[in-house]
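# Reading the structure
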Amino acid sequence: MMANKKAVRPGYNYAFLDEQTKKEIRRRILKAVAIPGYQVPFASRELPIAQGWGTGGLQLTLALVGPDDVVKVIDQGSDDVVNAVNIRRLLLQTTGVKTTENTDAASLIQTRHRIPEERLGDWQTLVFQVPYPEPLRRVEPSEVKTREMHAEADYSRLWVYLYEDIVRWREITVGAQYPVLVNKRYVMDPSPIPRWDVPKLHMAANLNLFGAGREKRIYAVPPYTRVQPLEFEDHPFRVESFEGKSCAVCGSTGSFLDELLDNHTGARRYTCSDTAYCAKRLLSEKRHGQRPTRRTDGGD
Amino acid sequence: MVELLRVTGLTKVFTLHLLGGRTVEACRDIEFALRPGEILGIQGPSGAGKSTILKCIYRTYVATAGQAWYRSLRGSVDLLACPVQTILALRRFEIGYVSQFLRVVPRVSALQVVAEGLPRNEWTQSRALQEAARLLEHLRIPCDLWEASPCTFSGGEQQRVNIARAVAHRPRLLLMDEPTASLDHESRRLVQELILELKRQGSSIVVVSHDWQTFNQITDRVLRLDQESKACVTGGSQHVEAAADH
Amino acid sequence: MGGIELSGLNIADTFSGLQGNPVPDEPLLRVRGLTRIYGRGCAECVVRTGPEAGSNICPICASIVACAGVSFDLYAGEMMGVVGESGSGKSTLVQCLYFDHTSSAGEAYLKSYRGGAVNMLGSSAQEQRHIRHHLMGMVYQNPHQGLRLDCTAGGNIAEKLLTAGFFHVGRIRERASELLRRTEVPMERMDHLPRHFSGGMQQRVQIAKALANNPPLVFLDEVTTGLDVSVQARVLDLIRHLHRELGLAMLVVSHNLDVIRLLTDYTLVMKSGRVVEAGLTDQILGDPQHPYTQLLVSSLL
């Protein structure tokens with residue numbers, strides 16, 4: 001049953017892509033789920049948005065979305081920025097599917113560079129837009145070589161990169177896109193999510209799918225899969241610290257904060273990067289006169 | 001008494017490929033035996049093949065024919081035919097060779113040169129150096145020279161270092177090729193005494209030399225080579241002395 | 001008489017220790033019939049090339065027989081030389097054994113790999129990578145091949161340690177500085193790029209990297225070629241010293257007979273991809289048998 005039949009534009013196949021293409025992408029997804037962290041090549045299609053604007057994630061979403069799904073689209077944690085709005089509108093106009101900003105209500109979430117603060121359940125699917133799927137690219141320019149390195153689980157050069165980072169800067173300076181080892185086998189690029197979000201992938205209940213449209217790769221972290229950030233015994237992985245800072249809007253101290261600079265006063269302000277989460281906290285505070293308990297990252 | 005070494009039919013013919021395959025016979029049908037604790041001299045004119053015999057036994061030369069049965073601690077081996085691994089092990093533990101001239105890496109100290117003669121899995125570096133120091137002292141190398149390269153030494157000192165290196169591991173069989181050729185009277189006496197000491201401790205020694213003054217007193221038997229026939233004669237010291245009297 | 005006293009020197013003692021040092025009966029590395037042919041190859045390739053033919057290019061199919069039918073045993077703790085002119089196949093030989101090149105035919109067994117029962121040339125790429133990183137070291141003529149010149153000296157050594165599962169920066173740096181000390185690289189150069197090092201120091205870093213995981217076997221491919229004479233001497237001294245100290249087996253490839261004489265006990269002489277003579281190094285130099293070896297030795301300066 002379509003939620004919003006009126007919104008659908010005539011003349012397009014359901015979810016824009018033809019059925020054959022969706023079938024192919026679903027097959028690739030199945031392979032990616034079967035080999036966690038392995039990059040499955042696929043024939044990336046042209047879409048009415050430019051490559052580099054989330055076509056990889058969008059193709060996954062289009063191949064997966066069914067009439068009963070509730071879809072949420074976010075960009076850097078926000079539902080309202082132009083990229084998210086346009087992708088949501090495309091989905092709506094080609095499927096008539098129900099959309100939401102509420103993480104708890106969405107069965108299918110397409111995201112760019114963030115994982116929602118609220119923990120996802122096993123009935124939810126998170127689709128990542130990926131600019132550069134190859135975690136080894138920073139040490140090896142040749143695709144042939146990196147495939148060989150993955151095949152042989154030869155990650156020593158990436159480790160050397162991290163070692164030299166520590167030698168030079170006394171810590172690993174990789175911020176977003178922190179390389180992780182999936183299921184103790186493949187090193188994977190989790191897309192440019194902040195370090196803050198990396199632990200959320202570990203043993204997550206939901207299915208995580210990653211699509212790189214320009215680079216033509218699909219990979220996955222299936223539910224309840226080990227995801228370990230690369231770390232040294234004496235230099236453990238750390239997430240960003242917001243010690244002493246809180247969201248200027250909702251007062252949260254347990255979420256990933258964006259830093260805002262006031263152009264006039266030069267003052268720094270911090271607000272939740274996940275705007276839906278922030279709004280939900282604010283609403284609940286107004287309703288109940290108290291702040292909701294945290295339901296977030298893997299810390300609890 | 002069981003022989004330590006028995007050489008039979010030892011023949012060496014060099015094939016000079018660069019001269020169109022010309023052959024040169026260095027020695028033919030050499031026969032001799034060496035008993036434990038014995039000193040055998042090999043005597044003969046220059047070019048009679050004296051050094052060749054030693055080098056064949058030590059496997060620096062490939063013998064053309066013949067056998068050299070050596071009774072090693074692990075059984076008898078034909079030194080001319082056994083695998084190179086065996087030769088390398090025997091060189092390390094049982095057989096010593098003193099060449100006519102000392103040839104060393106110019107950057108290695110005298111102490112180090114002698115210490116390297118000791119098998120490294122038996123001797124720790126510090127013990128080997130101690131042992132080397134003791135030997136150099138016995139051979140009267142002034143201790144202020146020990147850290148210097150033997151290349152800078154006088155001929156006599158060099159030869160004494162050469163001998164020290166060859167006997168450091170107390171070989172059961174010691175092959176000496178003109179060990180006193182470059183030495184003065186005093187050094188010769190020192191070498192003579194060292195050889196006798198090794199003999200007393202059970203080493204068997206084959207010496208090639210022109211230097212009869214030094215060796216006719218200490219050799220038990222002498223093997224004489226004749227340039228024309230390449231045949232050999234054996235006998236006791238007296239026998240050779242008698243021959244020399246003619 | 002009686003000037004020298006050898007009291008305290010006891011031959012019997014030394015001899016009794018001997019029984020504990022038997023001739024090693026099982027080689028560390030056993031190579032049989034190693035062959036590498038570049039090109040499509042034909043049935044006649046091996047027969048129609050070699051020292052007698054005076055060429056390693058097959059007259060029928062124009063394939064290059066870089067090396068063919070090479071067999072030898074290398075024992076633990078021993079230094080073996082491979083000598084021959086440029087193009088004789090000596091570098092191909094070690095690069096096949098280090099899996100830089102695949103071999104066309106032949107077998108190689110390493111005692112420390114599955115007890116020497118499995119032909120490592122037929123192992124999978126992962127297995128070969130494991131052998132390369134844990135059981136072997138390699139020092140190339142050209143530091144570009146053995147080092148990542150834009151990773152620090154320490155990073156180069158770390159790479160080997162990280163492959164062996166050493167994920168502790170502090171301990172990696174400890175081990176790296178120990179190796180650099182052994183190879184006489186000043187400690188303050190540890191975090192510098194080898195790109196800016198002298199040729200001799202690059203070679204010493206390469207040696208340190210090769211030794212990182214304490215392999216029982218190290219290949220040295222023309223390590224001193226192209227270095228100044230004085231630098232060459234220092235690198236050779238270092239190799240001798242390490243060999244004595246660590247008891248490694250080494251396979252030394254060189255066209256320089258002096259290097260071979262200085263370092264090795266046993267030598268293979270190669271020409272046109274074949275071993276023409278093998279023997280004790282002093283025998284190869286003192287009494288060369290093959291016409292080519294005689295030519296080689298007579299060419300010594």
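What comes next concerns the included structure. This structure is a prediction, so every number in the text was calculated from the model and none was measured. (Residues numbered from 1 in each chain as written. Chains lettered and ligands numbered in written order. Predicted model: local features only at pLDDT ≥ 70, side-chain atom pairs only at ≥ 80, totals over all residues. Heavy atoms only, no water.)

### Some thoughts on the overall build of chain A
The following threshold applies: Secondary structure is summarised from DSSP: a helix means a run of H or I of at least four residues, a strand means a run of E of at least two, and numbering begins at the N terminus for each. Between the two quantities, the radius of gyration covers C-alpha atoms and the globule rule is 2.2 Å times the number of residues to the power 0.38. Throughout, exposure labels follow a simple rule: accessible area from a 1.4 Å probe, protein chains only, divided by the maximum for the residue type, with under 20% read as buried, over 50% as exposed, and the rest as partly exposed. The contact definition used throughout considers only heavy atoms, calling two residues in contact when any of these lie within 4.5 Å. The protein chains shown are the only cover counted for residues, whose accessible areas, like all others here, come from Shrake-Rupley with a 1.4 Å probe. Charge assignment: positive for Lys and Arg, negative for Asp and Glu; neither His nor the chain ends contribute. Charge positions are represented by NZ for Lys, CZ for Arg, CG for Asp and CD for Glu.
Along its length, chain A carries 7 helices and 12 strands. In terms of overall dimensions, chain A is globule-like: its C-alpha atoms have a radius of gyration of 20 Å, near the 19 Å expected for 300 residues. Taken across its 300 residues, chain A has 52% of its residues classed as buried. Residue pairs at least 24 apart in sequence account for 61% of intrachain contacts in chain A once pairs closer than 6 positions are excluded. Here chain A displays about 14,200 Å² of accessible surface, and carbon together with sulfur accounts for 51% of that area. Chain A carries 43 positive and 38 negative side-chain charges, and their two centres are separated by 5 Å.

### Describing the sheet that holds strand 1 (residues 29-38) of chain C
Strand pairing in a sheet takes place through backbone hydrogen bonds and is either antiparallel or parallel in direction. All names here are of chain C. Note the cut-off: Here a strand pair is declared whenever DSSP counts at least two bridges between the two strands. Axes, fitted as lines to C-alpha atoms, cover a helix only where it is in contact. Angles between the N-to-C directions of the axes lie from 0 to 180 degrees.
On the basis of which strands lie adjacent, the open sheet formed by 3 strands has the order 2-1-4 and antiparallel pairing. In the strand order of this sheet, the two ends are held by strand 2 (64-74) and strand 4 (105-110), each with one partner. Strand after strand, the sheet turns through a mean of 15° between neighbouring axes, direction not considered. Relative to strand 2, strand 1 is paired through 7 bridges, and the arrangement is antiparallel. Considered in strand 2, the bridge of Arg30 is made with Asp73. In the packing of helix 2 (residues 90-97) onto the sheet, the strands contacted are strand 1, strand 2 and strand 4, and the crossing angle to strand 1 comes to about 115°.

### Comments concerning the interface of chain C and chain B
Worth spelling out the cut-off: The buried area of a pairing is the accessible area, by a 1.4 Å probe, that goes missing from both parts when the two are put together, added over both. Within this document, salt bridges are pairs made up of a side-chain nitrogen of Lys or Arg and a carboxyl oxygen of Asp or Glu, the two lying within 4 Å of each other. In this count, Pro and Cys sit with the nonpolar residues alongside Ala, Val, Leu, Ile, Met, Phe, Trp and Tyr, while Asp, Glu, Lys and Arg are called charged and the others, Gly among them, polar.
Facing 42 residues of chain C, the contacting portion of chain B comprises 51 residues. When chain C packs against chain B, the two sides together hide about 4,300 Å² of surface, and 57% of this comes from carbon and sulfur. Here chain C is connected to chain B by 6 salt bridges. Two residues, Arg240 of chain C and Glu116 of chain B, come together in a salt bridge whose shortest N-O distance is 3.1 Å. Among the elements that line the side of chain C that touches chain B, the one with the most residues is helix 8 (residues 229-246) of chain C, at 5 residues. The class makeup of the residues in the side of chain C that touches chain B is 16 nonpolar, 17 polar and 9 charged.

### Remarks on helix 3 (residues 125-134) of chain C
All of the buried residues along helix 3 of chain C are Gln128, Arg129, Ile131 and His133 of chain C. If you follow the buried residues of helix 3 of chain C, they end up packed against strand 4, strand 5 (136-139) and helix 5 (153-163) of chain C.

### Some remarks on the pattern of salt bridges
One pass over the structure, following the stated rule, counts 54 salt bridges over all chains. For Arg129 of chain C, the salt bridge goes to Asp154 of chain A, with nearest N and O atoms at 3.2 Å. Of this pair, Arg129 of chain C sits in helix 3 while Asp154 of chain A sits in the loop between helix 4 (143-151) and helix 5 (156-169), each in a different chain. The exposure classification of Arg129 of chain C matches that of Asp154 of chain A, with both residues buried. Here Arg92 of chain B ties to Glu78 of chain C by a salt bridge, and the two come within 3.5 Å at their closest N and O atoms. With Arg92 of chain B in helix 2 (residues 84-93) and Glu78 of chain C in the loop between strand 2 and strand 3 (79-83), the pair connects residues from two separate chains. Among the residues examined, Arg92 of chain B registers a relative accessible area of 33% and is labelled partly exposed. When salt bridges that share partners are traced, they join Arg114, Glu117, Asp197 and Lys200 of chain A into one network.

### Regarding the sheet that holds strand 3 (residues 98-99) of chain A
All names here are of chain A. An order of 1-9-8-5-4-2-3 is seen for the 7 strands of this open sheet, with the pairing classed as mixed. Looking at strand neighbours, the two that pair on one side only are strand 1 (40-41) and strand 3, the edges of this open sheet. Both strand 2 (residues 70-75) and strand 3 contribute to a ladder of 2 bridges, which runs parallel. Following the sheet pairing, Val70 is matched in strand 3 by Lys98. Seen against the sheet, helix 1 (residues 19-34) touches strand 1, strand 8 (207-212) and strand 9 (217-221) and runs at an angle of roughly 45° to strand 9.

### Some remarks on the interface of chain C and chain A
Counting residues at the interface gives 22 residues for chain C and 17 residues for chain A. Counting each side, the surface lost to burial between chain C and chain A is near 1,700 Å², with a carbon and sulfur contribution of 60%. The largest share of the area that chain C buries against chain A comes from Arg129, Phe167 and Val169 of chain C, three residues that together contribute 36% of it. Inspection of the chain C/chain A interface yields 3 salt bridges.

### As for unusual backbone geometry
Glycine aside, a negative phi is what most residues show, and trans is what most peptide bonds show. Residue and element names in this part refer to chain A. Even without being glycine, Ala15 reaches a positive phi, approximately 60°. Along the chain, Ala15 falls in the segment before helix 1. A relative accessible area of 0% means that Ala15 is categorised as buried.

### As for the packing of aromatic side chains
Residue and element names in this part refer to chain A. As a reminder of what qualifies: Two aromatic rings, drawn from Phe, Tyr or Trp (for Trp, its six-membered ring), form a pair once their centres lie within 6.5 Å of each other, and the interplanar angle then sorts them: stacked below 30 degrees, edge-to-face above 60, tilted otherwise.
For the structure shown, the criterion picks out 14 aromatic pairs over all chains. Ring centres of Phe128 and Phe210 lie 4.2 Å apart, and the angle between their planes is 10°; on these two criteria the pair is classed as stacked. Of the two residues, Phe128 sits in strand 5 (residues 125-129) while Phe210 sits in strand 8, which places them 82 residues apart along the sequence. A single burial state applies to Phe128 and to Phe210, both of which are buried. Among the aromatic residues, ring-to-ring pairing joins Phe128, Phe210 and Tyr219 into one connected group.

### Some points on the environment of Val253 of chain C
Residues and elements named next belong to chain C. Within the secondary structure layout, Val253 lies in strand 7 (residues 249-254). The sequence separation of Val253 and Ile60 amounts to 193 residues, and the corresponding C-alpha distance is 30 Å. Not counting the four nearest positions on each side in its chain, Val253 is found in contact with Val82, Lys90, Ser91, Val94, Leu220, Asp221 and Glu222.

### Regarding a nonpolar patch on the surface
Our working rule: The patches described consist of residues with a relative accessible area above 30% and no salt bridge, like charges being joined within 9 Å and nonpolar side chains (Val, Leu, Ile, Met, Phe, Trp, Tyr) within 5 Å.
Together, Leu18 and Leu19 of chain B together with Leu295 of chain C make up an exposed nonpolar region whose accessible area comes to about 280 Å². Note on placement: Leu295 of chain C falls in helix 11 (residues 291-298).

### Considerations on helix 11 of chain C
Buried residues of helix 11 of chain C: Tyr292, Thr293, Gln294, Leu296 and Val297 of chain C, and no others. Contacts made by the buried residues of helix 11 of chain C are with strand 1 (5-16) of chain B together with strand 3, helix 9 (257-263), strand 8 (266-271), strand 9 (274-280) and helix 10 (281-286) of chain C.

### Regarding the packing of helix 1 of chain A against helix 2 (residues 55-64) of chain A
In helix packing, the relevant descriptors are the interaxial angle and the interaxial distance, both defined with respect to the helix axes. Residue and element names in this part refer to chain A. Going by this rule: For this classification, under 35 degrees means roughly parallel, over 145 means roughly antiparallel, 65 to 115 means roughly perpendicular, and everything else is oblique.
Packing of helix 1 against helix 2 leaves a shortest axis separation of 9 Å and a crossing angle of 105°. As far as their axial angle goes, helix 2 and helix 1 are roughly perpendicular. Contact with helix 1, carried on its side by Lys22, Ile25, Arg26 and Ile29, involves Gln59, Leu60, Leu62, Ala63 and Leu64 of helix 2 and no other residues of that element. Considered class by class, the residues forming the contact of helix 1 with helix 2 number 6 nonpolar, 1 polar and 2 charged.

### Some remarks on the environment of Gln130 of chain B
Residues and elements named next belong to chain B. Position of Gln130 relative to the elements: it lies in helix 4 (residues 125-138). Judged by its relative accessible area of 59%, Gln130 is exposed. Separated by 19 residues in sequence, Gln130 and Leu111 place their C-alpha atoms 8.8 Å apart.

### Details of the pairing of strand 7 of chain C
Residues and elements named next belong to chain C. The buried fraction of strand 7 amounts to 6 of the 6 residues, a majority that puts the element mostly inside the structure. Side chains Ala249, Leu251 and Val253 of strand 7 all project onto a buried face; the interleaved residues Met250, Val252 and Ser254 project onto the opposite face, where all are buried too. The pairing of strand 3 with strand 7 spans 5 bridges and is classified as parallel. Paired with Gly81 across the two strands is Val252, which belongs to strand 7.

The analysis is restricted to geometry; functional conclusions fall outside its scope.
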